[in-house]
There are 2 protein chains.
Amino acid sequence: MKDFFKVAHLKEVFKYISCFPPVETEEIGLHETLERISAADVIADIDLPDFARSTMDGYAVSASSTFGATEGNPAYLTVKGSVAMGESPDFSIRSGEAAMISTGGMLPVGADSVVMVEHSDAIDDTTIEVYRSVAPGRHVVEAGEDIKKGEVILSCGRKLRPQETGLLAAFGKTAVKVYKKPVIGIISTGNEVIPIEDRPCQGQIRDINTYTLSGLVQKSGGIPLTFGIVRDDYDALFEKCRLAFDKSDMVLISGGSSVGVRDFTIDALSSLPDSSIIVHGISISPGKPTILAKVGNKACWGLPGHVVSAMIVFAAVVQPFIERIGGLASQHKVISRFSALISRNISSTQGRIDYIRIRLIEKDGFLWAEPILGKSGLINTMVKADGLVEIGINTEGLERGTEVEVIPFF
Amino acid sequence: MKDFFKVAHLKEVFKYISCFPPVETEEIGLHETLERISAADVIADIDLPDFARSTMDGYAVSASSTFGATEGNPAYLTVKGSVAMGESPDFSIRSGEAAMISTGGMLPVGADSVVMVEHSDAIDDTTIEVYRSVAPGRHVVEAGEDIKKGEVILSCGRKLRPQETGLLAAFGKTAVKVYKKPVIGIISTGNEVIPIEDRPCQGQIRDINTYTLSGLVQKSGGIPLTFGIVRDDYDALFEKCRLAFDKSDMVLISGGSSVGVRDFTIDALSSLPDSSIIVHGISISPGKPTILAKVGNKACWGLPGHVVSAMIVFAAVVQPFIERIGGLASQHKVISRFSALISRNISSTQGRIDYIRIRLIEKDGFLWAEPILGKSGLINTMVKADGLVEIGINTEGLERGTEVEVIPFF
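To start, this report covers the structure provided alongside it.

Criteria and thresholds
Position numbers for residues count from 1 along each chain, tracking the sequence in the order it is written. Chains and ligands are labelled by the order in which they are written, letters from A for the one and numbers from 1 for the other. Per-residue local features are limited, in this predicted model, to residues with pLDDT of at least 70; the limit for side-chain atom pairs, both in listing and counting, is 80 or more; totals at the level of whole chains, interfaces and linings are taken over all residues. Calculated side-chain values reflect all of the structure's heavy atoms, with hydrogen atoms and water omitted. Labels follow the DSSP assignment, with helices taken as runs of H or I lasting at least four residues and strands as runs of E lasting at least two, numbered in each case from the N terminus. Put simply, the radius of gyration uses C-alpha atoms, and a globule should come to 2.2 Å times the residue count raised to 0.38. Any two residues whose heavy atoms approach within 4.5 Å at even a single point are treated as in contact. Charge counting follows a simple rule: Lys and Arg are positive, Asp and Glu are negative, and His as well as the terminal groups are ignored. Note on charges: their place is set at NZ of Lys, CZ of Arg, CG of Asp or CD of Glu. Two parts placed together each lose some accessible area under a 1.4 Å probe, and adding up what both lose gives the buried area. Every case where a carboxyl oxygen of Asp or Glu lies within 4 Å of a side-chain nitrogen of Lys or Arg is listed as a salt bridge. In the scheme used here, Gly and all other residues not listed as nonpolar or charged are polar, with Ala, Val, Leu, Ile, Met, Phe, Trp, Tyr, Cys and Pro taken as nonpolar and Asp, Glu, Lys and Arg as charged. Structural elements are reduced to axes, namely lines fitted to C-alpha atoms, with helices fitted over the stretch in contact, and the angle between N-to-C directions of any two is expressed from 0 to 180 degrees. The scheme is simple: roughly parallel for angles under 35 degrees, roughly antiparallel for over 145, roughly perpendicular for 65 to 115, oblique for anything else. Each crossing gets its handedness from the near helix: less than a right angle anticlockwise from the far helix is left-handed, clockwise is right-handed. A 1.4 Å probe rolled over the protein chains alone gives each residue an accessible area, and that area as a share of the maximum for its type sets the label: buried under 20%, exposed over 50%, partly exposed in between. Pairs of N or O atoms are called polar contacts if they sit within 3.5 Å, as long as, within protein, a hydrogen donor faces a hydrogen acceptor (for residues adjacent in sequence, only side-chain-to-side-chain pairs). For two strands to pair, DSSP has to find at least two bridges joining them.

1. Quick word on the overall build of chain A
Turning to step 1, where the next piece is worked out: Helix and strand content of chain A: seven helices and 28 strands.
Turning to step 2, where the next piece is worked out: In summary, chain A has a C-alpha radius of gyration of 31 Å against a globular reference of 22 Å for 410 residues, an excess of more than 25%.
Turning to step 3, where the next piece is worked out: Dimensions of chain A along its principal axes, counting C-alpha atoms only, are 100 × 50 × 40 Å.
Turning to step 4, where the next piece is worked out: Sequence separation of 24 or more characterises 72% of the internal contacts of chain A that already satisfy a separation of 6 or more.
Turning to step 5, where the next piece is worked out: When the 41 basic and 51 acidic side-chain charges of chain A are each reduced to a single mean position, those positions are 10 Å apart.

Have a look at this one:
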């Protein structure tokens, strides 16, 4: 039997993230941008807006015409005309004059502010009373106030949300350069594992991992490419890995990563051209027997066969690697962890990071993280869970009521 | 000019959610389930697993054979055979006997626990020494320990995450009944609004809202169906609404919802067959001039034209309505709001709910929500923001350091 593997700390594993380059880029239309990663800076080529706009329905004025106006002593202004929406007014106004304007209308030359319609009364067709003074700039968006020409409106490596897409729309960018979605190959191993459409005989179980890992890959911005189940056989695994690396930007193999009679993953990976085993064993629990290999410039993960362990390793370490090759810049990662109070005492072992499945409960005005204990082969514990809590490498345990950081499952 | 509208409290608006029935259902394959909403309970038709499995590499034994075993006084067991993965062992074991077994292997009759390979030594081909005693059930997943036959494995109205899909896979469910994705029609209005591929003349702006709203609809589980831009014209809006309701499960109209010269939304909606205006004005800021109408059994939202206001109204109230018609059960909504400390004093007005755009910052071991102030027409403020903070209807303002609830933008 082989030596038991030497484990690496999680921090060390993350140092290898820069070994793996991002995937290629492509241009996509603006309706397909959601959650894609931008692959270039985009610069504003005009001011936004490129004219001064009203933010209210009312009258465009020179603010000085309203100074001192009150209900008892209104200002009387001559209405010079009405601003048609979407057009440049063909008149200007002077002191003592006003122009009817709607929200979004362009201020005529000479106007610097807008009096709300509620603060005025029409006396006749050409005269209004104004009951309140306005300051210059009031109820107006100035030219360039949103974005100035030359500003970066989208930086490379950012995940596109609806508002980034809206900003691109504002500048008429009908297409945007993004990173391709990385294709992640998924292989399940084990003589006991059967396709889900088959009926298991005694001793057999259906292939859960292909489905959980496919979902996690999608949530991480990748495209899952499934390669089915490989029996515990060196040649079969070697050939499947060759095929998977040919078609994928990263490969996940679940099962067969421990040191045991069926441990063909290390052997098969080591035999691939230009390959090296970077990590064999990570000081996390569950998930210790994880493998990270480099094959050419692509990453291969050997994940535990137990579904809970495989999912936790994915959340802890695989996802950031997928995001990296998918082009997400680390400074643009959104803060998505939040705090809760642990609802019971939890023991843990020093020298490793423990991941505890938890359910979130709101009680007594606090958010509690209630541990869900159970073996790492039990998928029902992940179904009951709302997220994970990470117990640090130097922590021996947590007392009830301790504030912990939740890694939510969204 | 018409009377200014009477505003409804947000809570009252939510009461109308039950007026709108869920969309129809469909069957989809297991690779397409991510974030879909289940439309039926699914019951376990077998135990999971349906045989006792080892969770370790080692020896299956009757626990009693190991009682009292220590390094100094090991138990000697006869190896009866080896469990082949994926097969039912064709032998049983008795007291004093053991069977080689790998992780995931089926326990032979007579075994109730597994000794880890690390706690044993092979003396010869048929004899092992065991250095530690094990309790019955140790390193074993019992039949039905994950899920028992007859249990609900998926309840109706739940959003499918990778783990729910994995559980369906474990039971061989190759297809699952889900709610269809609701189709949400999107109409932009305004004479000043032009398609994004056009070059704006003075006084014109490109159509941002169609793109931001499309993205938000996708994030809420809907399918956006865009109907372009309608000029401020009653007949045009009426016809476009008719078309949109014909093709959509809900319609969003941005712009034209305030009381002004261009206020055709109310008129057009009121003229549609079987329509009623349920809400005209909500006591939130920004977003007050929001309209909710019922047309047949479908909802129509009149949203403000300012992009920030429209996005905030969407987050505050439209999204829950889309989730409702998309089948999401309220008890299955995930807790996704979290706490942060507000980084500066914020004033607000009693009698309405204020939504403040915020950026999240980690500093001094705390998570801070830093307000981003700016007019509701400025999309850059949403691009800079990581989420919203809601200031309650009875709150006059917040002091720096107050704990607030963040509604994150993911």
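Now, onward.
2. Side note on the interface of chain B and chain A
Turning to step 1, where the next piece is worked out: If you look at the interface, chain B gives 87 residues, while chain A gives 87 residues.
Turning to step 2, where the next piece is worked out: Summed over both partners, the interface of chain B with chain A buries about 7,500 Å², with 62% contributed by carbon and sulfur atoms.
Turning to step 3, where the next piece is worked out: One salt bridge connects Glu192(A) with Arg53(B), and the closest N-O pair in it is separated by 3.9 Å.
Turning to step 4, where the next piece is worked out: Secondary structure elements with two or more residues in the side of chain B that touches chain A: strand S10 (140-141), helix H2 (162-170), strand S15 (205-206), helix H3 (209-219), strand S24 (353-363) and helix H7 (380-384) of chain B.
Turning to step 5, where the next piece is worked out: Residue composition of the side of chain B that touches chain A, grouped by class: 38 nonpolar, 28 polar and 21 charged.

3. Focus on the packing of helix H2 (residues 162-170) of chain A against H3(B)
Turning to step 1, where the next piece is worked out: Running from amino to carboxyl end, H2(A) crosses H3(B) at an angle of 160 degrees, the nearest separation of the two axes being 7 Å. For the element pair H2(A) / H3(B), the angle class is roughly antiparallel. Considering only the axes of H2(A) and H3(B), their crossing is right-handed. Contacts between H2(A) and H3(B) involve Pro162(A), Gln163(A), Thr165(A), Gly166(A) and Ala169(A) from the first element and Tyr211(B), Thr212(B), Gly215(B), Leu216(B) and Lys219(B) from the second.
Turning to step 2, where the next piece is worked out: Residues that form the contact of H2(A) with H3(B) fall into these classes: four nonpolar, five polar and one charged.

4. Re the side chain of Glu97(B)
All names here are of chain B.
Turning to step 1, where the next piece is worked out: Mapped onto the fold, Glu-97 is located in strand S6 (residues 97-101).
Turning to step 2, where the next piece is worked out: The exposure class of Glu-97 is buried, given its relative accessible area of 12%.
Turning to step 3, where the next piece is worked out: Within the structure, the side chain of Glu-97 is placed 2.8 Å from the backbone nitrogen of Arg-94, a separation counted as a polar contact.
Turning to step 4, where the next piece is worked out: Once residues within four sequence positions are removed from consideration, Glu-97 is found in contact with Ala-60, Val-61, Leu-77, Thr-78, Lys-80 and Ser-92.

5. Comments concerning the sheet that holds strand S21 (residues 298-303) of chain B
All names here are of chain B.
Turning to step 1, where the next piece is worked out: Pairing is mixed across the open sheet formed by six strands, whose spatial order is S16-S13-S17-S21-S20-S18. Of all strands in the sheet, those with a lone pairing partner are strand S16 (223-230) and strand S18 (275-280), marking the two edges. For this sheet the average axis-to-axis angle between neighbouring strands, irrespective of direction, equals 20 degrees.
Turning to step 2, where the next piece is worked out: Inspection of the sheet shows S18 paired to strand S20 (residues 291-295) by five bridges, in the antiparallel sense. Paired with Ser-275 across the two strands is Val-295, which belongs to S20.
Turning to step 3, where the next piece is worked out: Where H3 meets the sheet, it contacts strand S13 (183-189), S16, strand S17 (250-254) and S21, and its direction lies at approximately 165 degrees from that of S13.
Turning to step 4, where the next piece is worked out: Relative to S16, helix H4 (residues 234-247) is tilted by about 170 degrees, and along the sheet it contacts S13, S16, S17, S20 and S21.

6. Some remarks on H3(B)
Residues and elements named next belong to chain B.
Turning to step 1, where the next piece is worked out: H3 sits mainly inside the fold: nine of its 11 residues count as buried.
Turning to step 2, where the next piece is worked out: Burial in H3 covers these residues: Asn-209, Thr-210, Tyr-211, Thr-212, Leu-213, Ser-214, Gly-215, Leu-216 and Val-217.
Turning to step 3, where the next piece is worked out: One or two steps after H3, the chain reaches Gly-221, where phi turns positive at roughly 95 degrees.

7. Brief notes about the sheet that holds strand S5 (residues 75-82) of chain A
Residues and elements named next belong to chain A.
Turning to step 1, where the next piece is worked out: Spatial ordering of the open sheet is given by S7-S4-S6-S5-S9-S8, a layout of six strands whose pairing is mixed. Edge positions in the open sheet fall to strand S7 (113-116) and strand S8 (120-124), since each of these has one partner strand only. Each neighbouring strand pair of the sheet contributes to a mean axis angle of 40 degrees, computed without reference to strand direction.
Turning to step 2, where the next piece is worked out: Examined bridge by bridge, strand S4 (residues 58-61) and S7 share four bridges and lie antiparallel to one another. Counted as the bridge partner of Tyr-59 is Val-115 from S7.

8. Some details on the environment of Gly144(B)
Residue and element names in this part refer to chain B.
Turning to step 1, where the next piece is worked out: In this fold, Gly-144 is placed in the loop between S10 and strand S11 (152-154).
Turning to step 2, where the next piece is worked out: The class for Gly-144 is buried, based on a relative accessible area of 1%.
Turning to step 3, where the next piece is worked out: Note: C-alpha distance between Gly-144 and Gly-221 (77 residues apart in sequence) is 34 Å.

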